[in-house]
Amino acid sequence: MKKTFPKAVFSCYEPVSDERIRSFFAGDDKSFQPLYHFERAQVVLSLDSDFLLTEPDSAVHAAKFAEARHIENPGDHMNRLYVVESGFSVTGGMADHRLRVQSRLIGAFAAALTLELKAQGLRINLPVKFGELYGNHSFDRKWISALAADLVENINKCLIVGGPHLPRPVHELVYMMNIALGGIGETLTFSERQDTLKPSHYDSRIASLAKDGKISSLIILGGNPAYNAPIDWDFAEALKKIEHSVHVSQYLDETSRLTEWHIPQAHNLESWGDARAADGTASIIQPLIAPLFGGRGKVEVLKLLATGREERDYNVVRETWQTILGGGDFENRWRKVLHEGFLDGSASTSVTPAAVLDEISFPTDAAGITNPEIVFRPSPALYDGRFANNGWLQELPDPVTKLAWDNAALISPRTARELNLKNGEITRFEYEDHKLEIPVWILSGQADFSITLPLGYGRTSAGRVGNNVGSNTYAIRRSEAPCIATTSRIYGTGKIYIPANTQDHNSMHGRPIIREATLKKYKANPEFARELVEHPPLKSIYPDHDYSKGYQWGMVIDLNRCIGCGACTIGCQSENNVPIVGRDQVSRGREMHWLRIDRYFTGGIENPRMVHQPVACQHCENAPCESVCPVAATVHDKEGLNNMTYNRCIGTRYCSNNCPYKVRRFNFFNYTGRMSEIVKMAQNPDVTVRSRGIMEKCSFCLQRISRAKLKAKKEGRRVADGEIITACQQACPTKAIQFGNINDIESEVTRWKKIDRNYELLAEFNVRPRNSYLAKISNPNPALISDKPVAG
Amino acid sequence: MSGETAHIEPPLAGGVQTLGSITEKISSIAERKAPRLWYLAFGAAFSLLLVLIGSIGYLVFEGVGIWGLNNPVGWGWAIINFVWWVGIGHAGTLISAILFLLRQRWRTSINRFAEAMTLFAVCCALIFPAIHVGRIWVVYWMFPIPNQMAMWPNFRSPLLWDVFAVSTYFTASLLFWFTGLIPDLATFRDRAEARIKKIIFGVLALGWRGGNRQWKHYELAYLLLAGISTPLVLSVHSVVSTDFAVSILPGWHTTIFPPYFVAGAIFSGFAMVVTLTTIARKIFGLQDIITINHMEKMNKVMLLTGMMVGYAYSMEFFIAWYSGNIYEQFAFINRAFGQYAWAYWIMISCNVFVPQLFWFKKLRRSIPVMFTASILINIGMWFERFVIVVSSLAQDFLPANWDYYSPTIWDISTFVGSFGLFFTLFLLFIRFLPMISMAEVKGVLPQADVHYHEAGGERG
């Protein structure tokens, strides 16, 4: 391209960029991708990093992290996680120790920790005056010293991760510490990136050149800068000065509406392409379907621009791979890569970049009531806003706030008190002439005077689903402070707007719902989870079902592995044709998710801990729903499943009232009646699409069970263990869900059910759920354990 | 009833009544032109009935989502209204059947009235379970109708018991009411001047001539029907209570429910009878037939049953504490002090405190006091069902599910509309049928005593 257009300017803008974690090394021309090996880390410290959910490669991180946390016997080891953060993230929820620190102070915290590590005997070369500048801090000294001691004790087996939104010097310091702690090559490796274009928050060249009238034609490949560029670029205004502009995009979005031309881009599932994973492994993107709306692949557009030739993306990709795979026997090797999905052995070799320590300086003054800090974070569901037109994601409750279809400024209870803001009060944020109105949401565990503003909402041209949902927080996002910022004024407008949320009550009220213990207590009493509840002998007046022949299905969910991300909810929704009901219905408490994630706070109001529990139909053996249905629409089957007969259901809702878990979902309206043809095509043909007036709920993915049974029958064998994977189990990044035949004593699910932490929720009511949970274990530092769980 | 007993028991009809005056007074209500007030009332009631029809129409068209229901609150106003109307429908058959069996002859002047009220209240009640289901068009699947799909209802479900209990109760009440009407219908037939009336009342009177054998059979039939109806009074609300008691929900799962519900039903039923009779006796000048003594007796029943429900309220708390079950304990503490505490205290004030007024004879015999109290009791009994249905569902086992339920305009319009149905039927009843049992009132007049003409003679 550069050859074809020598005068062209190439720029890559990324609203949520992780550039700072990979480009602070010596020699600015290269960037290095850090690869975290959580599975090898005994002690992990996250500095404002939500590595388990909203950051790149989070699914990989979550899987590896869960591996290091997995325990099956009291003798097993598990890792320990310290989190220092301003907002409350899913990662913070998994922490054994969590410290609330404003994002602007994370650097000072890292400096204080470095000094403490040095004091505890670690060799770190620090600039002079470092101790003078950062030694006198107000962080919890006992916490830092216990953390440092823990890190030093686990040298070579610990890992410090910094959030990608933190300034570059923090990452330099984090890297220094990782080197000093011997993590390089063990828990942290790097692969060299060969980006031609580095994504950046900061590259404002296009906007400034356009304003000066120096750009005659602009081609925007993907992205949506008219919506998400920093407000001071004034991208929309800049675009007007450009004579010809083209937007190649999957959606007719805010940017497409301003450009002269819009080229419909085919979706990744409709086009050929290739990509590299974080570790450099090359893979081929293969389409699942021909472009539905005649879109063109990105590769095709680039090829056309560079060569002037129109070429099918398939041919372009093959051409590229001919150079990668070499000439000999290309066809076979190409097919092998297509079959496997990636090219084995193509990962970059691990490199150790040289560290630099610039003149680093960190703010040490905390934000207060007059100048609260603002932290822009990507939405866990919509990310930077690109997924705003996806109803599944809009309706997925935020794992922490449980808000759906809305974003809100997240503030701590104390901040709300001192700023005199009520929950749901529409609050105005002003910076120069830029204004944002957004409801506030009081979130326990948020650092005081640190306000999290989730990105990705308030789209105006996202589509039928995503338009005008929530508030557009880009409205006050400036290029010089894209992540951690301040405003000139914040005040409540007195108007109340309660965003739709799926959980009103955050406390377990002392009930044994999510059962947890520290590792120490678990070792002392491995049966603690079951012993938390006393009940009379559980006897039923009805005879037991006979399962001596055939299968008997069951599920176990390991709360120690679950991070609460909600991937299971979406997996289930897509598998089981669960309808999207919209903001109004969600705010009325009518969301249809068959599998929901309950989130509770434990501990104090200001600084609690967070625990998650996925809850779907528990497929009770003595199901309270079955006996009360007047028309026998919900019945037990021979394999222990509690089935819904949709056609038989008349919708008395008694089953739902009598369900102690409240996992049944009722079609209050005809939610599926007005589906467009394209949405109809997206429905799973193996699952009935439900209509108005009937009850539905988790079926343990009955259609998958049937398919596996049919296959086994044809092949004259029994269904093998692991052959049936439920949609939630498949989607879970941490493998927290186990499903199978509990008649089979060899099966994985049976093995899990025998783990001493296994308990059944509300078993004291003799409902005998087939779904059970493995109690959550935390692993606090004994040096900090006498304190309250978290010091803030 | 004369002689000695007359000193203890005041006469059951006031003024100077003869057998003829009773016939004249009661028949003439249906025979003369209706008063303007009747037309006004009928207009208002019929308008409300149209509101009901409109609300149900929209419900069928759109779905039960138009109501305020949510997850976890799967039942709301519809079920509350159902239980409330069924409760009101209790006094009628109770007054008729049980008081008949117990030879409480003071019932005669109000029994017809109360029976009609029962029937119309049960009509209103029956609407709600039918329309509250998700798929109204297949609600008949609740009945055991043999069909080619080999589907059969689930007899373990209390909702099915409900179907049988309430429909049996309705059928028995209807027969009981109609049987009681036969002699009076014959009177109407005999007095009718228009040919159409002669035919209609002639058919309805089933050939009644008032002969000795007819009376013998009639009284035996009536006695048998009373005997059949009596257990039904107790069973129907016991069964309705099992809709809740059979579940596992804290606040519903309670063995006290059947007697507690029956007491509450009688309580609210009498309250409704008092409300209606105070109006009717005023409008139609029936003070001599439905005397203040009758009203006082009903107030005494309300005092008694009010205290029974008060006892049940406190006993629920005791059991919740005594059970040691944290879910149960929470459910009850939450009722009194949680998000629905306002509803709970309306219930307690109306159902427990208000009836205490009737300890005082003066208040017991004051029409304005009893009218106000009866309305408050009806409100209180509605809130009792609200508290039971909603507060238990809204906050049950897992706090993550908890939600707040509030009704929509359609919940309210359907409930208000059900009064339209009730009053339309009631006004048609008092317009066209004998609202007081002439034959039975005559039976309690002194003239009916076989020894009436022997001054000072004992009753035979």
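Residues numbered from 1 in each chain as written. Chains lettered and ligands numbered in written order. Predicted model: local features only at pLDDT ≥ 70, side-chain atom pairs only at ≥ 80, totals over all residues. Heavy atoms only, no water.

Some points on the interface of chain A and chain B
- At the interface, 54 residues of chain A touch 57 residues of chain B.
- Summed over both partners, the interface of chain A with chain B comes to about 4,500 Å²; 54% of that surface belongs to carbon and sulfur atoms.
- Summed over the three residues of chain A that lose the most area to chain B, namely R511, Y654 and R692 of chain A, the buried surface amounts to 17% of that side.
- The interface formed by chain A and chain B includes one salt bridge.
- A salt bridge links D396 of chain B to K662 of chain A, with the shortest nitrogen-to-oxygen separation between them at 2.9 Å.
- If you look at where chain A meets chain B, you find 35 residue pairs in polar contact (both at pLDDT 80 or more).
- When contributions to the side of chain A that touches chain B are tallied by element, the ones reaching two or more residues are β22 (596-602), α20 (624-628), α21 (654-657) and β26 (665-666) of chain A.
- By residue class, the composition of the side of chain A that touches chain B is 26 nonpolar, 14 polar and 14 charged. (Contact = heavy atoms within 4.5 Å. Buried area = accessible area lost by both parts, 1.4 Å probe. Salt bridge = Lys/Arg side-chain N within 4 Å of Asp/Glu carboxyl O. Polar contact = N/O pair within 3.5 Å; in protein donor to acceptor, adjacent residues only side chain to side chain. Helix = DSSP H or I, 4+ residues; strand = E, 2+ residues; numbered from the N terminus. Nonpolar A, V, L, I, M, F, W, Y, C, P; charged D, E, K, R; others polar.)

Remarks on the nonpolar core
- With 233 residues, the main nonpolar core has Y661 of chain A together with W85, F244, F386 and F422 of chain B as its most contacted residues.
- Looking at which domains feed residues into this core, each of domain 3 (373-496) and domain 4 (516-778) of chain A supplies at least three.
- Each residue touching F386 of chain B, except ones within four places of it in the same chain, is listed here: W77, I80, Y340, W342, A343, S391 and Y405 of chain B.
- Counting residues in hydrophobic clusters, the runner-up holds 42 residues, among them A111, L151, L181 and F362 of chain A. (Core = buried A, V, L, I, M, F, W, Y, C linked by side-chain atoms within 4.5 Å. Buried < 20%, exposed > 50% of the residue type's maximum accessible area, 1.4 Å probe, protein only. Domains from an automatic or database assignment.)

A short note on the pattern of salt bridges
All names here are of chain A.
- Under the defined criterion, the tally for this structure stands at 54 salt bridges over all chains.
- Two residues, D448 and R100, come together in a salt bridge whose shortest N-O distance is 3.5 Å. Here R100 lies in strand β4 (residues 97-100) and D448 lies in the loop between β16 (434-442) and β17 (450-454), a separation of 348 residues in the sequence. Taken as a pair, D448 and R100 share a single burial class, namely buried.
- A salt bridge links R588 to D584; the nearest nitrogen and oxygen atoms lie 3.2 Å apart.

Notes on the sheet that holds strand β9 (residues 261-264) of chain A
Residue and element names in this part refer to chain A.
- Reading across the sheet, the three strands line up as β7-β8-β9 and stay open at both edges, with parallel pairing between neighbours. The open sheet is flanked by β7 (217-221) and β9, the only strands paired with a single partner. Pairwise comparison of adjacent strand axes, ignoring direction, gives a mean angle of 15 degrees for this sheet.
- Of the pairings in the sheet, the one linking β7 to strand β8 (residues 244-249) comprises five bridges and is parallel in character. Counterpart to S217 in the pairing with β8 is H244. (Pairing = 2+ DSSP bridges. Axes fitted to C-alpha atoms, helices over the stretch in contact; angles between N-to-C directions.)

Any functional reading would require information that these geometric values do not contain.
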